[in-house]
2 protein chains.
Amino acid sequence: MQEISQLHAIFDRTRGYINRFMGIIQPIIDAAQDEHTRLYYHHILEEEEQRMGRLQELIPYLESLAAENKTDKLSDRELSQMLSDINLERFGLHNFREHLELSLYEFQDDATRQVLDGMREKTHEDYLHVKEMMATLSSRFSDVYQADLTDHDEGHDIHQVDHLKASASAPHGVASVIKHSPAPTPAKKGLTVGSLKGK
Amino acid sequence: MQEISQLHAIFDRTRGYINRFMGIIQPIIDAAQDEHTRLYYHHILEEEEQRMGRLQELIPYLESLAAENKTDKLSDRELSQMLSDINLERFGLHNFREHLELSLYEFQDDATRQVLDGMREKTHEDYLHVKEMMATLSSRFSDVYQADLTDHDEGHDIHQVDHLKASASAPHGVASVIKHSPAPTPAKKGLTVGSLKGK
Ligand SMILES: [Fe+2]
Ligand SMILES: [Fe+2]
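As a starting point, this report considers the structure included with it.

1. Concerning the interface of chain B and chain A
Thinking step 1. Taken residue by residue, the interface counts 33 residues in chain B and 33 residues in chain A.
Thinking step 2. Overall, the association of chain B and chain A removes approximately 3,400 Å² of surface from exposure, summing both partners, and the carbon and sulfur fraction of that is 60%.
Thinking step 3. Inspection of the chain B/chain A interface yields two salt bridges.
Thinking step 4. B:Glu78 is the partner of A:Arg77 in a salt bridge, and the nearest nitrogen-oxygen pair spans 2.9 Å.

Written out as structure tokens, the structure reads:
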């Protein structure tokens, strides 16, 4: 299955993003002036740590399947389990995108905002791609697996909101009091996602 | 396995709590004055909806195992899968407790705060109970399953904070502008968790 290599690449990328995201958020937790802010970002990081734990098992598994072309030899139960695991990480990508969007409301400096928004955009693409592959795979293997492809987004227009724009005028968050925040970059152009190093 | 019945009872209770929690949070989303607040609570509800989706499969499965005493007949793979599913819901309980704690910072009326804090307390107990059972089960079935019993709480003191107390003096949230909020109750005593109806 060609999809396995693509899924592997997506989950490998998001694993790197989690590390970068953690590097951005941890200073907020450390600098938080109240328990609510601390709990809020601690909670988001914990959820991402849980996702990281699952990805650390799923990524090598997909890698071994792809390398040895073993997917055809999976039992029905193994196949169903794999599809279920991938579907859980589809939700994981969706939630991560929202963690990134929520974080946009914390930061005023363009460098960090560009990094967050870059990861948000790619994560959204990856999410849609995984969703599409899940639809294909679950129709191909409909005898062993029924995917719940719900977005839980029905009736909500929140996903149509441009949070980069909406957050631009948000009140300053705790990020503004962080002592070692990245120096503001005068030029927006030429800024790359990699220019702000993750942890 | 006696644990299966206990796990079933816990997950059945938390399913009821999710419904009650949604009934409390949805009006906040509807009344939100800005995109950040709307995204924030929308995100929390979505995560709980995802959890509900998983519980709707797990609860009847555990029920059938308990009713027919089938646990001994599970294959190694089925047993491993079941333990993995339960462990995921252990994280689910942990995250739900934090969703409840975060929500405490939104509400000023005692009735809602008591309901949230009651669910928080029981959810924390349930979480610890599931964690304990997971430790027992994964040592009993160590040949087929290795549980990751990490809390992702290491080095954090946030879980020692009394968020009911800390949130008492928090700035008023959007809850204060909800038109159909429950009428303030003059007497704290005699208030029961059931006195505020969920959806
Ligand atoms: Fe989240
Ligand atoms: Fe959450």
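2. Remarks on the coordination of the iron ion (ligand 1)
Expected angles at a metal are 109.5 degrees for tetrahedral coordination by four donors and either 90 or 180 degrees for octahedral coordination by six donors.
Thinking step 1. The protein atoms donating to the iron ion (ligand 1) are A:Glu47 (OE), A:His99 (NE2), B:His43 (NE2) and B:Glu47 (OE), with metal-donor distances spanning 2.1 Å.
Thinking step 2. Coordination at the iron ion (ligand 1) is irregular: its four donor atoms span angles of 84 to 171° at the metal.
Thinking step 3. A separation of 3.1 Å is found between the iron ion (ligand 1) and the iron ion (ligand 2), which share A:Glu47 as a coordinating residue. Of this pair, A:His99 sits in helix H3 (residues 76-104) while B:Glu47 sits in helix H2 (residues 35-68), on two different chains. This pair shows no difference in class: A:His99 is buried, exactly as B:Glu47 is.

3. A few points about the environment of B:Leu79
Residues and elements named next belong to chain B.
Thinking step 1. Structurally, Leu79 is set in helix H3 (residues 76-104).
Thinking step 2. Of the residues examined, Leu79 reaches a relative accessible area of 7% and is grouped as buried.
Thinking step 3. For the pair Leu79 and Ser139, spaced 60 residues apart in the sequence, the C-alpha separation amounts to 13 Å.
Thinking step 4. Apart from residues lying up to four places away in sequence, Leu79 is in contact with Met1, Leu74, Phe141 and Val144.

4. Brief notes about the environment of A:Lys70
All names here are of chain A.
Thinking step 1. Within the secondary structure, Lys70 sits in the loop between helix H2 (35-68) and H3.
Thinking step 2. Take Lys70: its relative accessible area is 30%, and that puts it in the partly exposed class.
Thinking step 3. As a C-alpha pair, Lys70 and Met1 span 69 residues in sequence and 9.1 Å in three-dimensional space.

5. Structural notes on the coordination of the iron ion (ligand 2)
Thinking step 1. Protein-derived coordination of the iron ion (ligand 2) comes from A:His43 (NE2), A:Glu47 (OE), B:Glu47 (OE) and B:His99 (NE2), at a distance range of 2.1 Å.
Thinking step 2. What the four donor atoms of the iron ion (ligand 2) show is an angle range of 83 to 171° at the metal, which sorts the shape as irregular.
Thinking step 3. Classification of A:His43 as buried rests on a relative accessible area of 4%.
Thinking step 4. By relative accessible area, which is 1% here, B:His99 ends up buried.

6. What about the pattern of salt bridges?
Thinking step 1. Per the counting criterion, the structure on display carries 22 salt bridges over all chains.
Thinking step 2. With its nearest N and O atoms 3.7 Å apart, the salt bridge here joins A:Glu101 to A:Arg97. Of this pair, A:Glu101 and A:Arg97 both sit in helix H3, four residues apart, which is roughly one turn of the helix.
Thinking step 3. By relative accessible area, A:Glu101 is classed as buried at 4%.
Thinking step 4. Under the relative-accessibility criterion, A:Arg97 is labelled buried at 4%.
Thinking step 5. Two residues, B:Glu125 and B:Lys122, come together in a salt bridge whose shortest N-O distance is 3.2 Å. Taken together, the positions of B:Glu125 and B:Lys122, both in helix H4 (residues 110-140) and three residues apart, correspond to about one turn of that helix.

7. Notes on the relation of the copies chain B and chain A
Thinking step 1. Mapping chain B onto chain A calls for a rotation angle of 180° and an axial translation of 0.0 Å; the resulting RMSD is 0.0 Å. Taken together, the rotation and translation describe the operation of a two-fold axis.
Thinking step 2. Of the interface residues in chain B, 100% have counterparts in chain A that sit at the interface too, so the contact is made through matching surfaces.

Rules used throughout
Residues numbered from 1 in each chain as written. Chains lettered and ligands numbered in written order. Predicted model: local features only at pLDDT ≥ 70, side-chain atom pairs only at ≥ 80, totals over all residues. Heavy atoms only, no water. Contact = heavy atoms within 4.5 Å. Buried area = accessible area lost by both parts, 1.4 Å probe. Salt bridge = Lys/Arg side-chain N within 4 Å of Asp/Glu carboxyl O. Donors = N, O, S within 2.8 Å, 3.2 Å for Na, K, Ca; no water. Tetrahedral: all angles 85-135°; square planar, octahedral: opposite > 155°, others 65-115°. Helix = DSSP H or I, 4+ residues; strand = E, 2+ residues; numbered from the N terminus. Buried < 20%, exposed > 50% of the residue type's maximum accessible area, 1.4 Å probe, protein only. Least-squares fit on C-alpha atoms with pLDDT ≥ 70 in both.

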